[in-house]
Amino acid sequence: MTLLATTVTAAGERDRKFHLHPYTQLRQLEKDGPLVIVRGEGVFVFDEQGNRYLEGMAGLWCASLGFSESRLVAAAQCQMQTLPYYHSFSGKVAGPVTELVETLIRWAPVPMARVLFANSGSEANDTAFKLVRYYNNARGRPNKKKIIARQRGYHGVTAAAASLSGLPSMHQHFDLPLPGVLRVSAPHYYLGAAKDESEAKFVERLAQELEDLIAREGADTIAAFIAEPVQGAGGVIVPPAGYFERVQAILRKHDILFIVDEVITGFGRLGQPFGTNVFGLQPDMITVAKMLTAAYVPMSALYVTDAIYQVVADASAALGTFGHGYTYSGHPLACAVALETLRIYESDDVIGHVRRVAPRLQRGLRALAGHPLVGEVRGLGLIGALELAEDPAAHKPFAPERGVGAYFVRRAQAHGLITRALGGDIIAFSPPLIISEAQIDAMLERTQSALTDTLAWVRATAKA
């Protein structure tokens, strides 16, 4: 395969001079400059020099319909010409909001009563964090405020959402997490299980850890538990069988709300409308974002049950208002694009397509399990990961300072594939939901090429 050659363009020079990039090694960027993407076509994006890349991450898990869906462009243009902005404060609402909330309630995987809009997954989870407090204060339980979150969880970057997230880089130097966030282990069997511990025993140990934490803190102080059905940015961690069944039983026993973060898994990524469907969850709140608008316009939402809504509504009546909202909550442009996105999912049977092509991705990734660099392969639907390891048989990771995952990502890019290295040299795959089997094959071929390059580099640098 011809490797793509890139140089820092004039736009890249300006960018690295003035732009503070998120989730980037800033000093490295100052030296190398950014890859400037200027155009999209289906599952591909193009840089300024005309190089084409298969976008193996759908951007940031989110561009479900690819990068050139004309129906979404038309929906946005029509709404911009009709009503480019209005708010939902003080009993007013923009027209498209009313249709969208009705549609979202129909899409809900379990009975939900209300939808509260925001602009990002971070904001939706931040809103859930606040609503947990509001709800328990309104019920006369001011001490029941703590939230249990998991190691390797990712829930966003606001102060509250980053506190709920379980990734150290999100806390260091930010003086996070905030007080009141408790932590339990991730259901990461590959790295978390003891020697010769079965998945069933691993699940029981995690359940006991949760029980012990609740006993130690006091159930009367714990308000909620938050979890992604499949942990995304923490490493594409698929929970072992029975994990959520045990967790939910414990939460019910102790009157602890269950917040399900479907920001990545909502709207078809796992081959079902929601991860809640896949794992038989019974959440009290659900957060969604990313694929709600296919990422064409920022938007997120928080679902709440009727039990929560009734408490909140009574409290707002007593106080005179519900004191929360964003200027752009339910923005009409975002609503119009979200409605058209949901129509496309249904008219084009996008989730059925995911179910048809996902086995191709999962089989292809699992065929790499014997590679000398691959410790574990895991995934579900159109999400997957390779966990790279120095010694796969011993589950021994590479030292972080070697930057093996980052090297792999650079080689994949040179071969025309964009993917992402997560903490611990985990290579993630989350392509647009419209990807074809032939395009999956191309993604896997480029992955194999990048693995070959990375293995040669690892062996050469180990001898140096």
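In this text, all values refer to a predicted model and were calculated from it rather than measured experimentally.

Here four strands make up an open sheet; going across it, the order is 11-12-15-14 and the pairing antiparallel. Of all strands in the sheet, those bounded by a partner on one side alone are strand 11 (374–380) and strand 14 (420–422). Mean inter-strand twist for the sheet, computed between neighbouring axes without regard to direction, equals 25°. Helix 14 (residues 350–366) rests against strand 11, strand 12 (383–388) and strand 15 (426–429) of the sheet, and its axis sits at about 170° to strand 11. Helix 16 (residues 437–463) rests against strand 11, strand 12 and strand 15 of the sheet, and its axis sits at about 10° to strand 12.

What follows is about the pattern of salt bridges. Applying the stated criterion to the full structure yields 19 salt bridges. We note a salt bridge from Lys 253 to Glu 211, for which the minimum N-O separation is 2.6 Å. Of this pair, Lys 253 sits in helix 10 (residues 243–253) while Glu 211 sits in helix 9 (residues 199–217), placing them 42 residues apart in sequence. Between Asp 349 and Arg 356 there is a salt bridge, with the nearest N and O atoms lying 3.3 Å from each other. By relative accessible area, which is 35% here, Asp 349 ends up partly exposed.

Bringing the side chain of Thr 276 into the picture now. With respect to the element layout, Thr 276 can be found in helix 11 (residues 275–279). Not counting residues within four places of it along the chain, the set of residues in contact with Thr 276 comprises Pro 109, Val 110, Pro 229, Val 260, Glu 262, Leu 281, Pro 283 and Ile 286.

The next thing to look at is the packing of aromatic side chains. Taken as a whole and assessed by the stated rule, the structure comprises 14 aromatic pairs. Ring geometry for Trp 107 versus Phe 267: centroids 5.6 Å apart, planes at 55°, classification tilted. In this pair, Trp 107 sits in helix 5 (residues 95–107) while Phe 267 sits in the loop between strand 8 (257–261) and helix 11, placing the two residues 160 residues apart along the sequence. A relative accessible area of 0% places Phe 267 in the buried class. Both rings, one in Phe 225 and one in Phe 258, keep their centres 6.0 Å apart while their planes meet at 55°; by these two values the pair is tilted. Within this pair, whereas Phe 225 is found in strand 7 (residues 222–227), its partner Phe 258 is found in strand 8, the two being separated by 33 residues in sequence. For Phe 225, a relative accessible area of 1% translates into the label buried. Site record: aromatic cluster; members linked through ring pairs are Trp 107, Phe 267, Phe 274, Tyr 303 and Tyr 345. When the ring centre of Phe 44 is taken as origin, the NZ or CZ atom of Arg 52, which lies over that ring, is 3.8 Å away. Over the ring of Tyr 309 we find Arg 114; its NZ or CZ atom is 4.0 Å from the centre of that ring.

Let us now look at the packing of helix 5 against helix 13 (residues 332–347). At a minimum axis separation of 9 Å, helix 5 and helix 13 run at an interaxial angle of 40°. As judged from the angle between their axes, helix 5 and helix 13 are oblique. Taken as a pair, helix 5 and helix 13 cross one another with a handedness that is left-handed. Between helix 5, through Pro 96, Val 97, Glu 99, Leu 100, Thr 103, Leu 104, Arg 106 and Trp 107, and helix 13, the contact on the second element is made entirely by Pro 332, Cys 335, Ala 336, Ala 338, Leu 339, Leu 342, Arg 343, Tyr 345 and Glu 346. The residue makeup of the contact of helix 5 with helix 13, split by class, is 12 nonpolar, one polar and four charged.

Scoring rules and cut-offs
Residues numbered from 1 in each chain as written. Predicted model: local features only at pLDDT ≥ 70, side-chain atom pairs only at ≥ 80, totals over all residues. Heavy atoms only, no water. Pairing = 2+ DSSP bridges. Helix = DSSP H or I, 4+ residues; strand = E, 2+ residues; numbered from the N terminus. Axes fitted to C-alpha atoms, helices over the stretch in contact; angles between N-to-C directions. Contact = heavy atoms within 4.5 Å. Salt bridge = Lys/Arg side-chain N within 4 Å of Asp/Glu carboxyl O. Buried < 20%, exposed > 50% of the residue type's maximum accessible area, 1.4 Å probe, protein only. Phe/Tyr/Trp six-rings, centres within 6.5 Å; stacked < 30°, edge-to-face > 60°. Lys NZ or Arg CZ within 6 Å of the ring centre and 35° of its normal. Parallel < 35°, antiparallel > 145°, perpendicular 65-115°, else oblique. Left-handed = near helix turned anticlockwise from the far one by under 90°. Nonpolar A, V, L, I, M, F, W, Y, C, P; charged D, E, K, R; others polar.

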